[in-house]
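The residues making up each chain are set out below.
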Amino acid sequence: MALLPPAADWYEKKIAKDEKMWIVLSVLVCLIMFAWMIIWHVYGKQNPSSVTYRTTPREFSQLCDAFNKKYQVGEDQGIPVVMPPAGGDVFLMAQMWRWSPVLILKKDQWYNFHISSLDLLHGFSLQPTNMNFMVYPNYDYVLKFKPNAAGEYKVICNEFCGVGHHTMIGKIVVIESESELGKYGYSAQYINTSAPPGNEPPAAPLTEEELAAKGAELYKSKACNACHSVDGSKLVGPTWQGVYGSTEKVMADGSETEVQVNDEYIRESILTPNAKLVKDYPASMQPQVISEDEIKAITAYIKSLK
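This one's a predicted model, so the numbers in the text were calculated from it and none came from an experiment. (Residues numbered from 1 in each chain as written. Predicted model: local features only at pLDDT ≥ 70, side-chain atom pairs only at ≥ 80, totals over all residues. Heavy atoms only, no water.)

## Some points on unusual backbone geometry
Thought 1: Residue W97 is reached from M96 by a cis peptide bond, and omega for that bond is -10°.
Thought 2: Residue P128 follows Q127 across a cis peptide bond; omega there is 10°.
Thought 3: As for its placement among the helices and strands, P128 is situated in the loop between β8 (122–127) and β9 (131–135).
Thought 4: At N138, a residue that is not glycine, the phi angle is positive and equals roughly 70°. (Helix = DSSP H or I, 4+ residues; strand = E, 2+ residues; numbered from the N terminus.)

## Quick notes on the packing of helix α4 (residues 263–271) against helix α5 (residues 292–304)
Thought 1: Contact geometry for α4 and α5: axes closest at 10 Å, N-to-C directions at 120°. Judged by the angle between their axes, α4 and α5 are oblique. Where α4 crosses over α5, the handedness of that crossing is right-handed. Along its contact with α4, which presents D263, I266, R267, I270 and L271, the element α5 presents E292, I295, I298, T299, I302 and K303.
Thought 2: In the contact of α4 with α5, the residues fall into six nonpolar, one polar and four charged. (Axes fitted to C-alpha atoms, helices over the stretch in contact; angles between N-to-C directions. Parallel < 35°, antiparallel > 145°, perpendicular 65-115°, else oblique. Left-handed = near helix turned anticlockwise from the far one by under 90°. Contact = heavy atoms within 4.5 Å. Nonpolar A, V, L, I, M, F, W, Y, C, P; charged D, E, K, R; others polar.)

## Concerning the sheet that holds strand β3 (residues 79–82)
Thought 1: In space, the seven strands of this open sheet follow the order β2-β3-β6-β12-β11-β8-β9, with mixed pairing throughout. Edge positions in the open sheet fall to β2 (72–76) and β9, since each of these has one partner strand only. When the angles between neighbouring strand axes are averaged without regard to direction, this sheet yields 20°.
Thought 2: Bridge analysis of strand β6 (residues 102–106) against strand β12 (residues 169–175) gives four bridges, and the strand direction is parallel. (Pairing = 2+ DSSP bridges.)

## Section: the nonpolar core
Thought 1: Formed by 34 residues in total, the largest nonpolar core has its most connected members in W99, L103, F113 and F124.
Thought 2: The dominant element in this core, judged by the number of residues it contributes, is strand β4 (residues 89–95), at five residues.
Thought 3: If you look at the next biggest cluster of nonpolar residues, it comprises 22 residues, including C224, V259, Y265 and I302. (Core = buried A, V, L, I, M, F, W, Y, C linked by side-chain atoms within 4.5 Å. Buried < 20%, exposed > 50% of the residue type's maximum accessible area, 1.4 Å probe, protein only.)

## What to know about the packing of helix α3 (residues 208–221) against α5
Thought 1: At their nearest, the axes of α3 and α5 sit 7 Å apart, and the two run at 100° to each other. Looking at the two axes, α3 sits roughly perpendicular to α5. Contact residues: α3 offers E208, L211, A212, K214, G215, A216, L218 and Y219, while α5 offers E294, A297, I298, A300, Y301, K303 and S304.
Thought 2: Here the contact of α3 with α5 is built from residues that sort into nine nonpolar, two polar and four charged.

## A look at the pairing of β12
Two faces belong to every sheet, and in a regular strand the side chains alternate between them.
Thought 1: With six of seven residues buried, β12 lies mostly within the body of the structure.
Thought 2: Pairing of strand β11 (residues 151–157) with β12 involves six bridges; the strand directions are antiparallel. Residue pairing for β12: Y153 is matched across the bridge by I172.

## A few points about the sheet that holds strand β13 (residues 247–252)
Thought 1: An order of β14-β13-β15 is seen for the three strands of this open sheet, with the pairing classed as antiparallel. At either margin of the open sheet sits one strand with a lone partner, and together these are β14 (255–260) and β15 (277–278).

## Section: the confidence of the model for the protein chain
Thought 1: Averaged over the protein chain, the pLDDT score is 84; the fraction of residues at 70 or greater is 89%.
Thought 2: Contacts of residues 190–198 to residues separated by more than four positions or lying in other chains number 13 contacts, the stretch itself having pLDDT below 50. (pLDDT = per-residue confidence, 0-100.)

## Observations concerning the pairing of β3
Thought 1: Here β3 shows no split at all, with I79 and V81 on one side and P80 and V82 on the other all buried.
Thought 2: Taken together, the four bridges between β2 and β3 define a ladder with antiparallel strand orientation. Each residue of the ladder has a partner; that of D76, found in β3, is I79.
Thought 3: Looking at chain direction, β3 and β6 are connected through two bridges and run parallel. Directly across from V81, in β6, lies its bridge partner V102.

## Brief notes about the state of the cysteines
Thought 1: One pass over the full model with this rule turns up zero disulfides.
Thought 2: Just so you know, C227 is unpaired, no disulfide at all, and the nearest cysteine sulfur is the one on C224, 8.5 Å from it.
Thought 3: A relative accessible area of 12% means that C227 is categorised as buried. (Disulfide = S-S within 2.5 Å.)

## Description of the packing of aromatic side chains
Thought 1: What the rule picks out here adds up to ten aromatic pairs.
Thought 2: Pairing Y219 with W240 gives two aromatic rings, centres 5.2 Å apart and planes at 55°, and the pair type is tilted. Note that Y219 is positioned in helix α3 and W240 in the loop between α3 and β13, a separation of 21 residues in sequence.
Thought 3: Cation over ring: K234 sits above Y281, and NZ or CZ is 5.3 Å from the ring centre. (Phe/Tyr/Trp six-rings, centres within 6.5 Å; stacked < 30°, edge-to-face > 60°. Lys NZ or Arg CZ within 6 Å of the ring centre and 35° of its normal.)

## A look at a nonpolar patch on the surface
Thought 1: Side chains of I15, M21, W22, I23, V24, L25, V27, L28, L31 and I32 sit close together on the surface and give an oily, nonpolar patch of about 980 Å² of accessible area.
Thought 2: Mapping W22 onto the fold places it in helix α1 (residues 17–43). (Patch = residues over 30% accessible without salt bridge, like charges linked within 9 Å, V, L, I, M, F, W, Y side chains within 5 Å. Areas by Shrake-Rupley, 256 points an atom, 1.4 Å probe, with all protein chains shown as cover. Salt bridge = Lys/Arg side-chain N within 4 Å of Asp/Glu carboxyl O.)

As structure tokens, this is what we get:
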């Protein structure tokens, strides 16, 4: 950009030959790119889903949880491993900083993929194939998908989503028959926890030990372990070890204050994590989609970490 304004009659001067050449080349490149976008839309077969539904993070999380429970066959580092029937619906959930669940699909079978985000914009990139889609919260993107080659594929987030972005790697395993499951460390035995409605008596309240055990499972399945350690080591967020009952310095409304880590503070930190930030830690966490019972279980787990 020039520091001084051009002469008053600059627009009346003839365009130089080299400038005309660059203008022509620029126009040609723009036309080629415009045509290429149309060709890619028709023949590239990587277009955004034409079937999109409005949803909410809580609603999509509930659908995903029900899907996981119905077709779960194992667990991979705290993330459910599911094997849905061919031709059915498949739910894949993005959140900082993980993809859930791990999917086991049959080769040459069609599936209806439902993909959404629970917090912010993520990018679905299936490697080593060249598939790329943007995943927004509050939208359920439905994709017709048929894997045509067996193997293990990685799901990479290609939209920067925070300090843990580089750890956001999911997995899709494509098999030809269930006999191949052992090769990937999974079982062919379904774990179907969905029971038909009946007149069963209400379950007895969980003991503190049972709540803590459930909280330990949620610590992995809700991806809390991406930010918080349980052994005192420092990660993106403060450790959970020995934190219950302690006094922490936090930043609230731009001012430093002290709070006691109790049930109320833990609940507030889960539902509105940036309201009272522990000093020297970044405001990187999003509000969690979680039930009151799950909050109680996580609180019991934190209490048990002496």
